[in-house]
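Each chain is listed here by its residues.
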Amino acid sequence: MIISDLNDCNSALNQIQHWLKAGVFNQNSYSEIEGVIKAVETYMGMPLPAKSFIESSCTE
C-alpha cells in the first residue's frame, strides 16, 4: 500500500481501527494489516503509536 495524501492516510487509519475493533490478534491477522501499518508510518514519518501494543498482542 502506498499513501499519497491525507485522504489515503485517513482511510488506512480507518482500516487499522476496524482491525483493532475486530479483536482477532494473531500472526495471521497481523500479516494482513502489517502493510497498512508500514504505509502509515512511511507517510507520517514516525512509528504508529499503537504499533507496540499491536505487535505485543500478536505474539501468541
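Scroll up to find the structure this text is about.
Conventions and cut-offs
- Residues numbered from 1 in each chain as written.
- Predicted model: local features only at pLDDT ≥ 70, side-chain atom pairs only at ≥ 80, totals over all residues.
- Heavy atoms only, no water.
- Helix = DSSP H or I, 4+ residues; strand = E, 2+ residues; numbered from the N terminus.
- Expected span 1.5 Å × (residues − 1).
- Bend = angle between axes of the 7 residues up to and from the residue.
- Buried < 20%, exposed > 50% of the residue type's maximum accessible area, 1.4 Å probe, protein only.
- Contact = heavy atoms within 4.5 Å.
- Polar contact = N/O pair within 3.5 Å; in protein donor to acceptor, adjacent residues only side chain to side chain.
- Salt bridge = Lys/Arg side-chain N within 4 Å of Asp/Glu carboxyl O.

Colleague: Could you clarify how one ought to interpret helix 2 (residues 27-44) in this entry?
Modeller: Because each turn of an α-helix spans 3.6 residues, side chains separated by three or four positions in sequence point in the same direction. Between the first and last C-alpha of helix 2 there are 24 Å, a value that for 18 residues agrees with the 26 Å anticipated at 1.5 Å per step. I33 marks the point of greatest bend in helix 2, at about 40°. What helix 2 keeps buried is the set S29, Y30, I33, V36, I37, A39, V40 and E41. Structurally, helix 2 contributes buried residues whose contacts are with helix 1 (6-22) and helix 3 (51-57). Of the residues flanking the start of helix 2, the one acting as N-cap is N26, its side-chain oxygen 3.0 Å from the backbone nitrogen of N28.

Colleague: Is there a simple way to think about the side chain of E41 in this case?
Modeller: Relative to the assigned elements, E41 resides in helix 2. A distance of 3.2 Å separates the side chain of E41 from the side chain of K51, its partner in a polar contact. Excluding its chain neighbours within four sequence positions, the residues that come into contact with E41 are M46, P47, L48 and K51.

Colleague: Just checking my understanding: could you explain the pattern of salt bridges for this structure?
Modeller: When the charged atoms of two side chains lie near each other, side chains of opposite charge can form a pair. Applying the stated criterion across every chain, the model contains 3 salt bridges. Across the pair K51 and E41 runs a salt bridge, and its minimum N-O distance is 3.2 Å. Of this pair, K51 sits in helix 3 while E41 sits in helix 2, placing them 10 residues apart in sequence. For E41, a relative accessible area of 14% puts it in the buried group. Notably, a salt bridge pairs K51 with E55, separated by 4.0 Å at the nearest N-O pair. Taken together, the positions of K51 and E55, both in helix 3 and 4 residues apart, correspond to about one turn of that helix.

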